[in-house]
Each structure stands twice: as C-alpha cells, then as structure tokens.
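What the coordinates show
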Amino acid sequence: MSDLTYLIRYLAEENRTDANIPVERFVRFDDNLINNDFFYLADGNSIFSGIDSYNIITITLRNNQSLWYRETTSDFIFYIKQTINDGGVIVHKYHELNTNSTYDFDFTILEDTDNLFEIPVSNNTFKYNTYLNILYLIFEELDEVVFDGNKDNFYYKRVYFKEITNGVHELNYKDSLGLYNDFWDNATRKVRETNLNIKQRRLTITFDENKEGYVFKFPIISKINTTTKKITLDYNFDNDEPIIKNRIFNTNFAFRLDFNSYQAFLSFCNQVYFSNDITFDLNIFPKVERQFFEDYHYIITQLIKDAKRSSRSLADLLDILWYLPRTYIQTKIGIGFLWDLLIQIIEEDDINNLGLNKEDLVTYILSNLSERLQPDDFLEIFLLKLVNSKETPFKRLFEELNTDDFKSFVNLFWSVWSKSSYASFDPKVNPAISENEEEASPLVLPYTTDKTFGFYDTNASIDFTTKETELSVALKVDSGKTKKVKIAKNRYSKKTIYNYYNYKYHIFHPVAISNDKNPKFIYNKSEGRKFTVLPAFVLLANEESAFWENLKTGGEYLLDAVTTLSGIGNLAKFRHLSKLVKLGHKLVLAQKVKKAVTGFAAITEISSGTINILLKLSGLNDTKFGQSLSEVLFYLELLSLGGELANGLKNAAKKVLKSDDLGKHIDNLVKKGEIDELDKINFHDELKRIVGDYVEEISVLRIVPDLKNAAEVKLFKELRELFIKKYTSIIKTQFRQTSKLLLAWKNLDVMNALSKSEIDDLLRLRTQFDNVKSDKNMATMIAIVEVNGKKIKIPYTSLSGLDLAKGNAKYIETSKFAENLGLSKKEANDLFRVVDSKTNRHSVRINDTEHKMLLNVSEDIDKLKAIYGVDNVRVLGMEMKTLYLPCHSCKRQIIIYSDMLNIPKNKIKVQATQIGKNEYAENAYMFNKFLSK
C-alpha cells in the first residue's frame with residue numbers, strides 16, 4: 001500500500017455515512033439565482049422545506065420541453081418551450097405561464113425570441129404560483145447524512161502518519177483517458193501526455209510535526225487558483241482559533257495538501273468523501289462541512305465556465321464530468337447540460353476510448369439521465385432525429401458503442417424499457433404496437449440461439465430498415481417436416497423443410513422468445529422461466545454480440561467455413577468492419593500474438609482512412625479488382641480480432657496494388673471530394689507496408705485538403721488569429737534596422753547557388769506564367785511537413801507582383817492584408833517598403849515571391865492542424881529557389897516565418913543566381929547581365 005493510499009483510506013474510514021431521511025427543498029426564481037448562474041446555494045437565495053400549496057401548481061416537463069424566461073422592467077415572463085419534429089423540420093413552440101395558467105398548455109410560435117434564456121430544471125419538475133407569477137424550482141431530493149453518530153472530527157498525532165513524508169507525492173487514480181499512473185498505462189501515452197500526467201497527479205503534503213489534537217474531518221479549501229487550477233486543502237485543528245480561509249495566513253492546520261491540478265483534487269475528494277454517496281445537503285452540515293461543499297461547488301462552477309469558453313470546450317467539459325461523483329451530478333448538474341454534452345459527442349466525433357474515454361463517459365451520462373427522466377421520456381428523447389442527420393441518437397449509439405460499453409448500453413435501455421409503456425402488450429397503452437391485428441407483427445417470435453463447439457448460431461438476420469426506429473427481422477424456422485432427397489443410387493436421406501418469415505418491428509416493440517430454444521442467448525435475464533420478454537432491439541444486439549464472439553473464437557478456422565459457404569465476394573457490405581473503423585484512428589492488427597503482415601514480432605498499423613477507402617471501393621466487387629478489395633477487407637475484419645491470417649492479407653493486398661484500375665478509382669474518389677490527397681498517399685503506403693514493398697520516401701502533396709466541418713473551420717480561424725496576432729507584434733518591432741536584419745540573415749546562413757539546370761527550370765516557369773520577355777522574379781518552394789508521423793512535401797510556385805495564375809501562391813490584396821493585421825494600408829505598406837541604395841527609389845514588396853509563398857504555407861499548416869490535430873503537424877524544413885536574391889523585406893519575412901513555424905535552422909535552404917564570390921543577382925539588370933556573359 002502506498003503512503004497516499006494509507007492517508008486516503010484513513011480519511012475515508014472517518015467519513016462513512018449512516019442514516020437517510022428524505023427532505024424536499026425549493027428555491028424561488030429571482031435575480032440572485034440568475035446572477036449566480038442558477039447554482040441554488042449562492043448567497044441571497046432562500047431555500048426552504050415547504051411552500052404554501054394555495055394557488056400552486058406542480059408542472060412536470062416532457063422530454064421535448066424546457067423552461068425559459070424573459071426579464072421585463074418590473075417582472076419575469078415564464079415560458080414552456082416545446083420542440084417537435086414536423087415532417088422532418090424541427091419547430092419550436094412556446095406556452096406562456098401567467099395568472100390564468102392551468103395544466104392545459106397552448107403552444108404557439110413566438111415571433112420574437114430575443115432575450116429568452118433557459119432555466120435549468122431539476123428532475124424536469126417545478127412549481128408555479130398562478131396568482132403571484134412566482135416560480136419555484138425544486139432544489140433536490142436530499143438524503144440527510146449522519147457521520148459516525150454526529151462525530152465530526154478525529155484525533156491527530158504526527159506519529160499516526162509517520163510513514164508519510166513531507167513533500168511531493170503522486171496520486172494514483174484512473175484519469176479521463178482511462179489510464180492509471182503505472183508502467184503499462186504510461187507506456188501507451190505519448191511523451192507529452194506522460195509528462196502532463198505526472199505533473200497533474202502531484203500534490204505536496206505538509207504536516208505539523210509538533211501539535212496534536214482533534215481535527216475536522218472536512219478540510220478548508222484555503223486556496224483556489226482558477227487560472228493554474230491549483231487547489232489547497234487545510235485539515236484544521238478543532239479548537240477555539242478562528243477559521244481562516246487563506247493559505248498564507250492559516251497556520252492552524254494539522255496537515256496541508258497542495259494539489260497541482262483540479263483532476264487530482266477531484267479524484268482525492270472522490271476517494272475520501274464521495275465513494276460512500278455523501279449527498280450535497282449543505283443545510284444539515286456543521287459550518288466546516290458546509291464551507292467545504294460550498295467551495296467544492298464553486299470550483300466546479302468555475303471549471304465549467306472556463307471550459308465553455310475554451311477552444312476545446314467539449315473535451316474540457318468531458319474531462320471535468322469524468323471526475324464528478326454521481327451524487328453531485330444528480331443534484332447539481334442539469335438534465336439539459338448532460339443531454340447537450342451527449343449530443344455533442346454523438347455529432348462531433350466517433351465514440352471510442354482511444355484518447356479521451358468518450359465511450360465510458362457516454363455510458364456514465366446515459367446512466368445519470370436514466371435516473372433523472374421518466375422511462376417513456378428517456379426512451380423517446382433518443383428517437384428524435386439528430387441535427388443535420390437522418391439518424392437518431394439511439395441508432396448512432398447502438399452502432400458506435402463497443403465492448404462492455406455496448407452491453408451496458410443494451411442492459412440500461414432494456415431496464416428503462418421494462419418500466420415504460422413500451423413494455424406493455426396492450427396496443428392501447430403501447431405506441432409501438434399497431435392496433436390493426438393484420439398489420440401487427442407477432443409478439444411471440446420463433447427466434448433461436450445456440451452455441452456449438454464454441455460458436456454461436458441463430459436463425460435470424462436482423463438489421464435497421466431505412467426508418468431509423470424500425471428493424472427488419474428475417475427468420476428461418478424448422479417446420480417440423482422433412483422431405484425425402486435422393487443422395488446416390490438407391491440411397492435417400494431426409495432433409496428438413498424450413499419456413500421463412502419476414503417481420504418489421506419498432507425498436508422498442510415487446511417480443512417474447514422461448515428460453516428453451518435460446519439456451520445461449522447472450523443477454524438472457526430470465527433463468528428458470530419459459531419466456532424472456534424484451535424490446536426488439538435486444539435481438540439485434542444479440543446478433544451483433546454473437547458475431548464478435550464467433551470471430552474471437554474462430555480466428556483463421558472460421559475463414560474456411562465462411563469462404564466455402566458464402567464466397568468472399570458475397571461480403572461486399574462489411575458492416576462489422578465499418579464499425580471497427582470507428583474504434584479509432586488506427587487498428588493494431590495481430591497485436592495479441594505479436595505476429596503480423598510485415599513479419600514475426602511486428603505490428604502493422606492500418607489507419608481508419610485506408611479502411612474507409614477500401615469500403616468506398618468495395619461496391620466494385622463484380623469486377624476482378626473489386627474481388628481483390630473484398631478479400632483485403634475480409635482478412636482485415638478477422639485479423640483485427642487476433643486471427644493469424646497475415647499471408648492471406650498480404651497476397652490480397654498485392655493483387656490490389658498490381659491492378660491497373662487502382663489509380664483510376666482512387667483519383668475518382670479525390671475528384672468527388674470523398675478523400676483528399678493525403679488520404680491517397682497514406683493508402684498506397686499502407687498497402688505497400690502490408691505487402692512488404694514499402695521504402696521510406698517523402699511523398700508530394702500537391703493539394704492541401706479542404707476543411708470538412710464546422711469544428712475544423714472554427715479551429716482554423718482560431719489558429720489564424722493567433723498566428724496573425726503574433727506575426728503583427730513581431731513585424732512591427734523586430735529587425736526594423738537594416739544592420740540588425742543583415743546580422744540575423746548572416747547568422748541564419750542559408751544561401752546557396754542555383755545550378756544552371758535549376759535556373760533554366762525557373763526561366764521556363766516564368767515564361768509559362770508570364771512571357772518570354774518578363775523581368776519578374778520567379779521562385780519555387782518546398783515545405784517539408786510531418787502529418788501524423790508521415791513526411792510529405794508541399795510545393796509552391798510564385799511570380800512576383802500581380803500573379804493570378806492557377807496553382808501559384810495566392811496574390812496578396814494589400815487592403816485586406818492590412819485589415820487582417822489591424823493596420824491601415826499605409827502602415828502595412830511602410831512595413832514592406834524597400835529603398836534602392838543606388839537609385840534611392842522606394843518600392844513596396846508585399847507581393848514579392850518569397851512573402852506570398854511563406855504566407856500561403858503558414859495558412860496551409862494551420863489548415864492541416866485544424867484537420868489532423870495541432871500536435872500532429874510540424875514543419876521539418878523549407879527549400880526555396882529564386883532567380884533573384886531576396887530583398888531586405890523578404891529576408892526579414894524568411895527569418896520571421898521560419899521562427900514562427902519552428903523550422904530548424906539547419907533545415908532551411910535558399911538558392912539564388914550566384915554571379916560572383918558570395919554575390920547574387922539582386923534584380924533583373926544584374927541577372928540579365930550575368931546571362932549575357
């Protein structure tokens with residue numbers, strides 16, 4: 001047992017709970033409540049155990065309803081908002097609560113919805129005074145907690161904790177990545193994540209070495225730094241000294257804990273105080289306990305506020321939620337907040353436990369919502385269609401959750417379903433059952449599941465229909481009859497006759513299956529009974545789980561059976577592989593047996609992008625090329641679960657690479673915008689790795705991918721704003737003096753001479769983009785970039801001045817450029833103004849070749865960061881070729897951009913036309929004179 005574990009267990013033992021007495025409390029809606037962000041215990045709010053029932057109505061909102069208010073000069077106007085799906089269109093209607101309010105609501109569309117604000121409602125229920133227009137929010141259903149017979153302190157001697165030293169310790173807990181602070185878990189982290197993990201888990205312990213006496217079981221939070229997220233707990237002596245909530249001035253503590261992060265603080269509180277379901281009734285606690293809970297609540301409030309303003313708001317909010325105890329969520333976090341988080345997870349990203357444990361967090365949110373909502377409301381809210389999607393939250397979760405979280409999802413929805421009207425067999429009660437007997441599907445279904453030689457077998461084929469709330473169920477049922485079949489001369493055999501049935505069920509339609517015919521039903525809950533009654537979606541869940549169990553059991557032995565009976569080409573949909581793609585960015589194949597495609601003890605990584613391309617092309621399975629694709633997909637589907645089928649995959653991938661059709665079909669996907677150039681490069685490289693023909697080389701990315709969604713656009717804008725802000729600060733202040741600029745350029749030491757062939761190449765480009773008599777400078781540049789560990793080259797070309805040629809670096813419109821920098825056009829021009837020392841002529845060099853290319857590359861890098869992640873993109877080098885030596889303005893830009901893009905000094909190379917020892921052509925006159933020699 002570690003030192004910290006001893007301390008935590010000691011404190012937790014002192015905080016066990018005993019009795020429970022239900023208490024109901026209310027809070028009046030007023031300005032104090034609004035000003036304190038609806039946290040009911042803020043100063044000035046009146047909390048009381050009962051209110052006069054005269055003129056009071058209790059209103060319970062349905063799942064598609066919410067409570068809103070508008071403030072007038074003298075009072076509040078309250079509305080119930082109802083959201084409905086009218087023929088595929090989301091419509092918001094409102095009912096105004098007033099002195100004539102009853103339980104009969106009249107919803108209409110409001111023309112003016114400005115200045116309407118939502119009120120978080122606990123348990124979807126509130127009270128309203130129809131005479132005085134006063135709103136009361138139910139504060140919570142509280143359990144009164146008694147600690148060890150009213151004992152609220154423990155005796156402290158330093159010797160009790162002699163094994164624990166003063167100084168820095170590391171707290172071990174399961175973080176939001178699902179990892180502990182041990183060797184094996186840290187081995188899966190990136191270096192940056194490991195360093196951050198260690199830093200976050202640190203806390204410093206300071207003991208009073210001399211004093212002894214009774215100490216409050218609840219500490220004082222004597223420091224809260226909302227910027228650094230550092231928090232201090234002081235375990236104070238229970239004596240006559242005043243309680244001082246200031247880390248600097250408080251000396252009355254037995255021991256002090258300084259936490260390096262809110263994650264460590266919240267985890268400590270969970271292990272010590274909330275593992276026993278302590279509730280948040282601040283009125284029943286003595287002063288010290290109450291102060292602790294109020295400060296704890298304040299910390300959570302501030303963390304949530306900061307997270308909402310963060311550039312990675314969803315990830316930060318989910319990280320906070322990970323550490324919040326159930327009792328806090330049930331009483332302090334609104335249902336709307338939880339629902340919004342869930343929908344953001346569903347709509348913005350794949351749900352998996354790679355990185356942030358989103359799959360586990362979804363399960364946690366679902367569990368909390370199921371306890372807060374009525375059963376029918378809980379089920380029906382998951383049948384509403386997602387914004388910008390035909391899918392429902394239920395279907396999306398069903399298809400994306402995996403492993404134990406999928407089973408938890410099934411069992412949770414089944415449990416809620418069993419308490420709802422959907423579990424009834426009465427069509428008048430159950431909206432999923434048709435009252436027309438001819439249209440109704442049977443309630444008792446001849447579905448069978450068994451397990452032979454370790455393999456599951458069912459008699460059904462089940463899947464979602466085009467209706468998101470409906471399942472198609474196809475059954476093959478033994479009729480009990482046989483027919484005589486001739487198998488050889490004078491030899492006959494009996495063959496079973498099967499009946500085939502096709503039904504359609506609402507996903508929550510009740511179905512009864514015989515337990516005798518389903519001895520190995522994976523989700524069986526009815527041992528000892530003849531039938532299991534379940535919602536129809538559980539049958540599909542059983543089919544899904546049976547498939548994965550068979551693959552885990554069968555490995556390569558299953559391949560022969562499936563290919564012999566079905567033929568590889570019949571597996572064109574690969575519906576289970578599609579689900580595997582969603583498990584994360586990379587599938588690690590043959591991980592368990594340490595044997596894979598590239599040889600013994602190797603691990604081959606196949607990205608989800610490569611598998612998605614294979615899936616997009618798998619519709620071509622009628623062709624020979626399509627057949628090869630199907631083989632690759634099938635082997636991947638089995639290999640991903642540990643089967644040793646490396647040779648089969650290798651041969652199949654070789655056929656795909658050798659096909660003359662591959663390039664044509666891949667280019668067609670690029671043209672249609674279904675994949676980008678980087679996907680194309682990675683696809684070829686990964687197939688070559690499978691075959692064993694891969695040679696490390698830097699591929700050329702000619703077109704930087706476009707931003708695909710609102711999240712990428714938002715991040716790109718934020719990155720550009722940060723870049724421009726820093727760039728403007730630098731360009732206005734640094735290297736303005738020629739002497740300092742030239743010294744910095746000399747120290748950079750990047751100049752090299754162009755070869756004759758390289759000069760000829762640039763001249764050909766200049767003629768192509770301008771004309772044979774052009775005197776403009778022509779330049780090219782290669783940016784060497786690493787994206788997700790893959791090195792690529794991004795080429796740029798540029799003609800100085802006005803250049804609108806397609807494919808060249810974009811022309812910079814001076815007014816817009818100045819506006820982006822927050823400068824006037826004159827100020828921007830002055831920053832790029834160059835004086836010719838011989839002619840004393842002034843010129844503005846904003847559109848010089850070097851600056852245009854550098855500005856373009858900075859935008860492309862931010863675009864790649866927005867798409868692939870800020871930490872997954874870095875610039876490794878830059879190679880520039882230019883007919884003329886960069887002018888002072890361009891030298892300055894090269895220095896600034898190379899620094900801002902973090903390009904290593906020894907990886908920058910600039911080539912120009914050398915006309916003498918350490919002398920380069922600076923303009924057209926010098927260049928033409930050199931050529932004429």
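These numbers come from a predicted model, not from an experiment.

Attention shifts here to a nonpolar patch on the surface. Side chains of Ile-244, Ile-248 and Phe-249 sit close together on the surface and give an oily, nonpolar patch of about 330 Å² of accessible area. Its location among the elements puts Ile-244 in the loop between strand S15 (230-236) and strand S16 (253-259). A residue is classified by how much of its surface remains accessible, and Ile-244, at 31% relative accessible area, is partly exposed.

Here we come to the sheet that holds strand S6 (residues 89-97). Backbone-to-backbone hydrogen bonds pair the strands of a sheet. The strands run either parallel or antiparallel. With respect to topology, four strands assemble into an open sheet ordered S6-S5-S4-S7, the strand pairing being antiparallel. Pairing within the sheet leaves two strands with one partner each, and these edge strands are S6 and strand S7 (117-119). Taken over all neighbouring pairs, the strand axes of this sheet differ in orientation by 40° on average, direction set aside. Where strand S5 (residues 76-86) lies against S6, nine bridges are found, and the strand directions are antiparallel. The residue bridging Ile-84 from the neighbouring strand is Val-91, located in S6.

One non-glycine residue, Lys-229, lies in positive phi territory at about 65°. The topology assignment puts Lys-229 in the loop between strand S14 (220-225) and S15. A positive phi angle, close to 55°, is found at Asn-902, a residue other than glycine. Examined against the element boundaries, Asn-902 turns out to sit in the loop between helix H28 (888-900) and strand S35 (908-912).

Right, let's talk about the packing of helix H20 (residues 662-671) against helix H21 (residues 677-691) for a bit. Interaxial distance between H20 and H21 falls to 9 Å at its minimum, and their mutual angle equals 150°. With respect to H21, the element H20 is oriented roughly antiparallel. For the pair H20 and H21, the crossing hand works out as right-handed. Listed contacts from H21 to Leu-662, Ile-666, Asp-667 and Val-670 of H20 are Glu-677, Lys-680, Phe-683 and His-684.

Moving on, we get to the packing of aromatic side chains. Applying the stated criterion across every chain, the model contains 51 aromatic pairs. Seen from their ring centres, Phe-394 and Phe-413 are 5.2 Å apart, and the 75° between their planes marks the pair as edge-to-face. On the criterion of sequence distance, the pair formed by Phe-394 in helix H12 (residues 393-400) and Phe-413 in helix H13 (residues 403-418) is long-range, its members being 19 residues apart. A relative accessible area of 0% places Phe-394 in the buried class. Pairing Phe-394 with Phe-508 gives two aromatic rings, centres 5.5 Å apart and planes at 80°, and the pair type is edge-to-face.

A word on the confidence of the model for the protein chain. Predicted confidence across the protein chain gives a mean pLDDT of 76, with 75% of residues reaching 70 or more. Below a pLDDT of 50 lies the segment residues 17-23, which in the model reaches 22 contacts outside its immediate sequence neighbourhood of four places, other chains included. Taken as a whole, residues 140-150 scores under 50 in pLDDT and shows 45 contacts with residues more than four places along the chain or in a different chain.

So, how was this worked out
- Residues numbered from 1 in each chain as written.
- Predicted model: local features only at pLDDT ≥ 70, side-chain atom pairs only at ≥ 80, totals over all residues.
- Heavy atoms only, no water.
- Patch = residues over 30% accessible without salt bridge, like charges linked within 9 Å, V, L, I, M, F, W, Y side chains within 5 Å.
- Areas by Shrake-Rupley, 256 points an atom, 1.4 Å probe, with all protein chains shown as cover.
- Salt bridge = Lys/Arg side-chain N within 4 Å of Asp/Glu carboxyl O.
- Helix = DSSP H or I, 4+ residues; strand = E, 2+ residues; numbered from the N terminus.
- Buried < 20%, exposed > 50% of the residue type's maximum accessible area, 1.4 Å probe, protein only.
- Pairing = 2+ DSSP bridges.
- Axes fitted to C-alpha atoms, helices over the stretch in contact; angles between N-to-C directions.
- Parallel < 35°, antiparallel > 145°, perpendicular 65-115°, else oblique.
- Left-handed = near helix turned anticlockwise from the far one by under 90°.
- Contact = heavy atoms within 4.5 Å.
- Phe/Tyr/Trp six-rings, centres within 6.5 Å; stacked < 30°, edge-to-face > 60°.
- pLDDT = per-residue confidence, 0-100.

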